[in-house]
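Secondary and tertiary structure notes
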Amino acid sequence: MQRKSSPTGGATELAIEYTSKPVSGWGGLVSVFRFFDRLGVREVLAEVLPDGRRSPNQIPVLDIVLSLFVTVLTGGRRFAHVERWRGDEVVHAIVGARRLPSAMTLTRYFGGWVQAQVEQLVEGMWRWQLARLPAQPLGAVLDLDSTVFERYGAQEGSLKGHNPRKHGRPSHHPLLALLAEAKVVLHAWLRSGNTGSARGVRGFLDQALAYLPQDYRLYAVRADSGFFDVTVLKDLEHRALPYAIAVRLTPPLRRQLVGITRWQEFAPGLEVGELLYETYGWQTARRIVSVRERIADRPQARGRQLIEVPGYTFHAVVTTLELSAVDVWRFYNGRAECENRIKELKEDFGAGGFCLQSFYGTEAVFRLICCLYNLMAEFRREIVHAPTQRLLTVRQQVLVVGGILGAHGRTPVLRLGLRGRWRERFAALLARIATYTIPTVAQFDLRALTQQLGPPRPWKPRRRQRPHPYPALAALVTY
């Protein structure tokens, strides 16, 4: 006899009771924070974070930053999202904090930062992180790129500029340098919205290259057409750094591309050619590699169409690499991976959502999120063994675990709701963390660096200032 399902059932017949036990859905955070403790993240943050507060009831600055990390790791995108953890006793125990700060505490603390404190934070954190970079036999590839953070308000540096998604919307225009193989952020600047992509690249590269370990070698630099500027090209050539940079197809260059007679087909619908090109302001001719796509074979082809050559779209790259034209194009195409890294920073880590009235407070949070991104890249590479996974995937597979905080005698115990292969997988992660050792060559003398940098500048509350008579000049940030 077949049994009929009742129309009323499921949640309706499920009894509801309440418990006063400390329960959380984020018990998997214990793996990440054990990894941080294994690396010594708390010690480094304690050395580089500024603090000059005198309140007897203050929350330590280390707990403030760790609460920011918890918010980002669990999907928070605003300072207001910090509030969800203030009553979670399981998260308190994982972080090791007696109490966690409110959103107002975070905004007041970061709102008092100045540029010198931001630079000192980066100098300490990123030198410590980059000392553990895995060496590349042929050298690492450095990708330069910029992105747009839309802003809704009148924050410092939030100005109208290039915004492909929301035209006319005020924004910030950060500049980033990413190491392709390690999938980490080498350097980052937050800039006002009206800056061009290539503005300040020389000073930016000076700082970025200074953070690299002494014996770390770069193979080449890749960038999009926003960095196609003669000053950028000259600077890279002066540093003896090979490059492959996309070219803007100006009318003089389009006329030169039309004149190419030798095209080599290397894939269905794809042909490559090259030429030596010199334009106004250049002292020497440079090599241009061009690829054209046959629209009939590749209907989704992107690029620039030329009236003189119908049926094709064109792309061009300027390069100093001593590779064949086909290999240059394939090498440059690998730059698309950095777009995924930036997308992850914005969507999974919420890098564009934590915004303050203070420009340097916003930059401090942005750079701390970049530091967290690098830590999670190391976690995925060394512990999870999935370096290409996004944080969204790690969050669902590792961090979202039900946990109950209990005790064995006086020893606190976190009981995780896992069984079967899920329990075995999580136990394997904890075992890898317990046995993870930093290579000898990557040992970092934090005390020597802090002595060199000096103690962090005392934190002071930011005073309300009168409006500047020329807001565009006041918000313009130069390095």
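For the structure given in this document, a descriptive report is provided here. These numbers come from a predicted model, not from an experiment.

1. So, the overall build of the protein chain
Check the secondary structure of the protein chain and you find 16 helices and 15 strands. Expressed as a percentage of the 479 residues in the protein chain, the buried residues total 51%. Contacts in the protein chain between residues at least 24 apart in sequence constitute 68% of all its contacts with a sequence separation of at least 6. In the form shown here, the protein chain has an accessible surface area of approximately 24700 Å², with 51% of it arising from carbon and sulfur atoms.

2. Details of the pairing of strand 10 (residues 270-277)
Among the eight residues that make up strand 10, six are buried, leaving the element largely enclosed by the rest of the structure. Bridge count for strand 9 (residues 264-267) against strand 10 is three bridges, and the pairing is antiparallel. From the neighbouring strand, Glu-265 faces strand 10, where its bridge partner is Glu-271. Between the antiparallel neighbours strand 9 and strand 10 lie two residues, among them Gly-269 with a positive phi of about 80 degrees. Bridge count for strand 10 against strand 11 (residues 286-294) is eight bridges, and the pairing is antiparallel. By the bridge assignment, Glu-274 is partnered in strand 11 with Val-289.

3. With respect to the nonpolar core
If you look at the biggest cluster of nonpolar residues, it comprises 131 residues, and the most contacted ones within it are Phe-36, Leu-45, Phe-110, Trp-126, Leu-179, Ile-245 and Met-376. Excluding residues that lie within four positions of it along the chain, Trp-126 makes contacts with Val-185, Leu-186, His-187, Ala-188, Tyr-211, Arg-367, Cys-370, Cys-371 and Asn-374. Within the second largest apolar cluster, 18 residues are counted, among which are Ala-220, Val-291, Leu-321 and Val-326.

4. So, unusual backbone geometry
One non-glycine residue with positive phi stands out, namely Lys-183, at about 60 degrees. Take Lys-183: it is sitting in the loop between strand 5 (175-179) and strand 6 (184-189). One non-glycine residue, His-385, adopts positive backbone phi at about 60 degrees. As for its position among the elements, His-385 is in the loop between helix 12 (359-384) and helix 13 (391-399).

5. As for helix 7 (residues 201-211)
Of all the positions in helix 7, only Val-201, Phe-204, Leu-205, Ala-208 and Tyr-211 are classed as buried. The buried residues of helix 7 occupy an angular sector of 120 degrees when the element is viewed end-on, so they sit on one face. Residues of helix 7 that are buried make contact with helix 6 (115-130), strand 2 (140-146), strand 5, strand 6 and helix 8 (230-238).

6. So, the environment of Val-394
Position of Val-394 relative to the elements: it lies in helix 13. Remark: the alpha-carbon pair of Val-394 and Val-384, spanning 10 residues in sequence, is separated by 8.5 Å. Here Val-394 is in contact with Met-376, Phe-379, Arg-380, Gln-389 and Leu-399, once residues within four sequence places are set aside.

7. Observations regarding the packing of aromatic side chains
Under the counting rule described, the total for this entry stands at 18 aromatic pairs. Residues Tyr-277 and Trp-282 carry aromatic rings whose centres are separated by 5.7 Å and whose planes lie at 80 degrees to one another, so their mutual orientation is edge-to-face. You'll find Tyr-277 and Trp-282 in the same group, each marked buried. Pairwise contacts between aromatic rings join Phe-35, Phe-379 and Tyr-436 into one cluster. The ring of Tyr-373 has Arg-380 sitting right over it, with the charged end atom 5.6 Å from the ring centre.

The rules behind these values
- Residues numbered from 1 in each chain as written.
- Predicted model: local features only at pLDDT ≥ 70, side-chain atom pairs only at ≥ 80, totals over all residues.
- Heavy atoms only, no water.
- Helix = DSSP H or I, 4+ residues; strand = E, 2+ residues; numbered from the N terminus.
- Buried < 20%, exposed > 50% of the residue type's maximum accessible area, 1.4 Å probe, protein only.
- Contact = heavy atoms within 4.5 Å.
- Areas by Shrake-Rupley, 256 points an atom, 1.4 Å probe, with all protein chains shown as cover.
- Pairing = 2+ DSSP bridges.
- Core = buried A, V, L, I, M, F, W, Y, C linked by side-chain atoms within 4.5 Å.
- Arc of directions from axis to C-beta.
- Phe/Tyr/Trp six-rings, centres within 6.5 Å; stacked < 30°, edge-to-face > 60°.
- Lys NZ or Arg CZ within 6 Å of the ring centre and 35° of its normal.

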